[in-house]
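What follows is the residue order along each chain.
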Amino acid sequence: MKVLVIGSGAREHALCRALSLDPDVTALHCAPGNAGIADVAELHAVDALDGAAVADLAASLEVGLVVVGPEAPLVAGVADAVRERGIPAFGPSAEAARLEGSKAFAKDVMAAAGVPTARAYVCTSPAEVDEALDAFGPPYVVKDDGLAAGKGVVVTEDLEAARAHALACGRVVIEEFLDGPEVSLFAITDGETVVPLQPAQDFKRAQDGDEGPNTGGMGAYSPLPWADPALVDEVVATICQPTVDELRRRGTPFSGLLYAGLAITSRGVRVIEFNARFGDPETQVVLARLKTPLAAVLLAAAVGRLDAEPPLRWSDGAAVTVVVASHNYPGTPRTGDPITGLDKVAEEDGPKAYVLHAGTKRDEASGEVVSAGGRVLSVTATGSDLEKARDRAYRAVGRIGLEGSHHRSDIAAKAAADTTS
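What you see is a predicted model; the values in this text were computed from it and never measured.

K.L.:
Quick rundown of the overall build of the chain? Include the residues and the values.
P.N.:
Scanning the chain from N- to C-terminus turns up 14 helices and 22 strands. On C-alpha atoms alone, the chain measures out to a radius of gyration of 20 Å, which is about the 22 Å that the 2.2 N^0.38 rule sets for 421 residues. When the backbone C-alpha atoms are referred to their principal axes, the chain occupies close to 55 × 45 × 45 Å. The 421 residues of the chain split such that 56% are buried. Carbon and sulfur atoms form 49% of the exposed surface of the chain, whose accessible area is close to 16,700 Å². For the chain, the distance from the average site of its 38 positive side-chain charges to the average site of its 59 negative ones is 2 Å.

K.L.:
Give a description of helix H1 (residues 10–20) that names residues and reports values.
P.N.:
Counted residue by residue, H1 has nine buried out of 11 residues, so it is predominantly covered. Among the residues of H1, those classed as buried are Ala10, Arg11, Glu12, His13, Ala14, Leu15, Cys16, Ala18 and Leu19.

K.L.:
How would you explain the sheet that holds strand S12 (residues 201–202) if you had to name every residue and give the values?
P.N.:
Across the sheet, which stays open at both edges, the five strands sit in the order S12-S15-S18-S22-S19 with antiparallel pairing between neighbours. With one partner strand each, in any of the chains shown, S12 and strand S19 (353–357) form the two edges of the open sheet. Sheet analysis places strand S18 (residues 318–325) next to strand S22 (residues 375–383), joined by eight bridges and oriented antiparallel. Counterpart to alanine 325 in the pairing with S22 is arginine 375. Strands S12, strand S15 (219–222), S18, S19 and S22 of the sheet are contacted by helix H10 (residues 282–289), whose axis makes an angle of about 150 degrees with S18. Packed onto the sheet, helix H13 (residues 386–397) meets S15, S18, S19 and S22 and runs at close to 25 degrees relative to S18.

K.L.:
Hey, could you go over the domain arrangement of the chain for me, with residue numbers and the actual values?
P.N.:
For the chain, the domain assignment lists domain 1 (1–90), domain 2 (120–173), domain 3 (180–306) and domain 4 (316–417). On a C-alpha basis, the centroid separation for the pair domain 2 and domain 3 is 25 Å. Tallying the contact residues gives four residues for domain 2 and six residues for domain 3. At the boundary of domain 2 with domain 3, total buried surface from both sides reaches about 370 Å², with 32% on carbon and sulfur atoms.

K.L.:
Outline the nonpolar core, supporting the account with residue identities and numerical values.
P.N.:
Of all hydrophobic cores here, the largest spans 77 residues; its most connected members are Leu4, Val66, Leu99, Ile239, Leu262 and Val320. In terms of residues, this core owes the most to one element, helix H9 (residues 231–249), which gives eight residues. Not counting chain neighbours up to four residues away, the residues in contact with isoleucine 239 comprise Val115, Pro116, Glu234, Ala260, Leu262, Val269, Val271 and Phe274.

K.L.:
Lay out the packing of aromatic side chains in plain terms, naming residues and giving numbers.
P.N.:
Here the structure, examined in full by the defined rule, presents five aromatic pairs. Ring centres 6.1 Å apart and planes at 35 degrees place the aromatic pair phenylalanine 90 and phenylalanine 278 in the tilted group. With phenylalanine 90 in strand S5 (residues 89–90) and phenylalanine 278 in the loop between strand S17 (268–275) and H10, this pair connects stretches of sequence that are 188 residues apart. For the pair shown, phenylalanine 90 and phenylalanine 278 are each scored as buried. In textbook terms, an aromatic cluster arises when at least three aromatic residues are bridged by ring pairs, as seen for Phe90, Phe186, Tyr259 and Phe278.

K.L.:
How would you summarise the side chain of threonine 189 if you had to cite specific residues and measurements?
P.N.:
The topology assignment puts threonine 189 in strand S10 (residues 182–189). Separated by 2.8 Å, the side chain of threonine 189 and the backbone oxygen of threonine 193 make a polar contact. Excluding residues that lie within four positions of it along the chain, threonine 189 makes contacts with Val194, Val244, Phe254, Ser255, Gly256, Ala301 and Leu306.

K.L.:
Tell me what's going on with the sheet that holds strand S8 (residues 153–156), and back it up with residues and numbers.
P.N.:
Backbone-to-backbone hydrogen bonds pair the strands of a sheet. The strands run either parallel or antiparallel. Ordered by their spatial adjacency, four strands build an open sheet running S6-S9-S7-S8, and the pairing between neighbours is antiparallel. Among the strands making up the open sheet, the edge pair consists of strand S6 (120–123) and S8. The sheet shows a mean angle of 20 degrees between the axes of neighbouring strands, taken without regard to direction. Two elements, strand S7 (residues 140–144) and strand S9 (residues 172–175), share four bridges in a ladder whose sense is antiparallel. Pairing of valine 141 across the sheet is with glutamate 175, part of S9. On top of the sheet, helix H7 (residues 126–136) reaches S6, S7 and S9; it is set at about 165 degrees to S6, its chief contact. Where helix H8 (residues 159–169) meets the sheet, it contacts S7, S8 and S9, and its direction lies at approximately 15 degrees from that of S7.

Definitions and cut-offs
- Residues numbered from 1 in each chain as written.
- Predicted model: local features only at pLDDT ≥ 70, side-chain atom pairs only at ≥ 80, totals over all residues.
- Heavy atoms only, no water.
- Helix = DSSP H or I, 4+ residues; strand = E, 2+ residues; numbered from the N terminus.
- Rg over C-alpha atoms; globule rule 2.2 N^0.38 Å.
- Buried < 20%, exposed > 50% of the residue type's maximum accessible area, 1.4 Å probe, protein only.
- Areas by Shrake-Rupley, 256 points an atom, 1.4 Å probe, with all protein chains shown as cover.
- Lys, Arg positive; Asp, Glu negative; His and termini not counted.
- Charge placed at Lys NZ, Arg CZ, Asp CG, Glu CD.
- Pairing = 2+ DSSP bridges.
- Contact = heavy atoms within 4.5 Å.
- Axes fitted to C-alpha atoms, helices over the stretch in contact; angles between N-to-C directions.
- Domains from an automatic or database assignment.
- Buried area = accessible area lost by both parts, 1.4 Å probe.
- Core = buried A, V, L, I, M, F, W, Y, C linked by side-chain atoms within 4.5 Å.
- Phe/Tyr/Trp six-rings, centres within 6.5 Å; stacked < 30°, edge-to-face > 60°.
- Polar contact = N/O pair within 3.5 Å; in protein donor to acceptor, adjacent residues only side chain to side chain.

Below you can see the structure in the form of structure tokens.
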């Protein structure tokens, strides 16, 4: 099978890495990709939001599967354009991707499907914003209704900060705060059958101890030793399957990756948000533990044959990923700084620790790999338990040089300590 992956982040690098290890994949392409993905896939220049251009590229490469990584191309209908050319695509239609593209649409679907989630108001005026903020009180949870690259959510005790964010968004969802730990659960679906992956936990705040501003994610780990063993089955039965069934009932079946962001509250599991694609950085640790070859599973979902696939196989060990971010992230990041130590990680730590590229490119003049975004690298490691995986990940992080960069030092620390105490 020839496969084309669309996107340029660490999520796409993780997907490409997994696909490159699949013996059924005879040719792997990525557009536009990044400096790290170039090591495992042939790169192509394309506007990832241009469905016709992506479909043309897929046809010219004669691929048998297109995997659309990021949310923006899905909401823009790129998967639809590929399917219209008769090429299987892993990723929901533009209509179904509204589950991520509009928080208000997602709330409507959940209400119809009986899916447990936070109570919320959809606000379009300052008066409605003030009423909603007053109704819920602090901590305030304010979400931009549309796509915001992981930065559209503000959780704060500061009423004025919450109000300012709400008014800057235009159409906004204001909801009750959900207590309890958060869990990310991915499920592959063909619109009927739902196949869950292993749960993970990510770290949204920029600084240790969950301090600082929200980010796109500063690290993740899997499995979750503290989670109820019945959690995955419960989430599939009460959240994922009802949501997939409701979208099919509406005539907009969801085929691709359904990502449920969950809060394990004192009143039970609640949905914080849905995404319509693999999450970053959770994908990095989930795929690190997946033993089943990836391509056949994604293709089965794309062509409606997921029920015929054997159960997924997983390693018994653990995986941890630590994000190395550029200077000033999540503000306006500094770019163009050389990255050193990548070869050293490969030589000293591979294959149980490796670097997945996110915001990188190769400088044409010097040939060096340089930073090209906010989240620059995801350093991922596996081990027999969380403590070993965590130690390997941070040892590899220590080999990398990027001026002005920062990373959290507490990814998976509590979970690892709890399992060894």
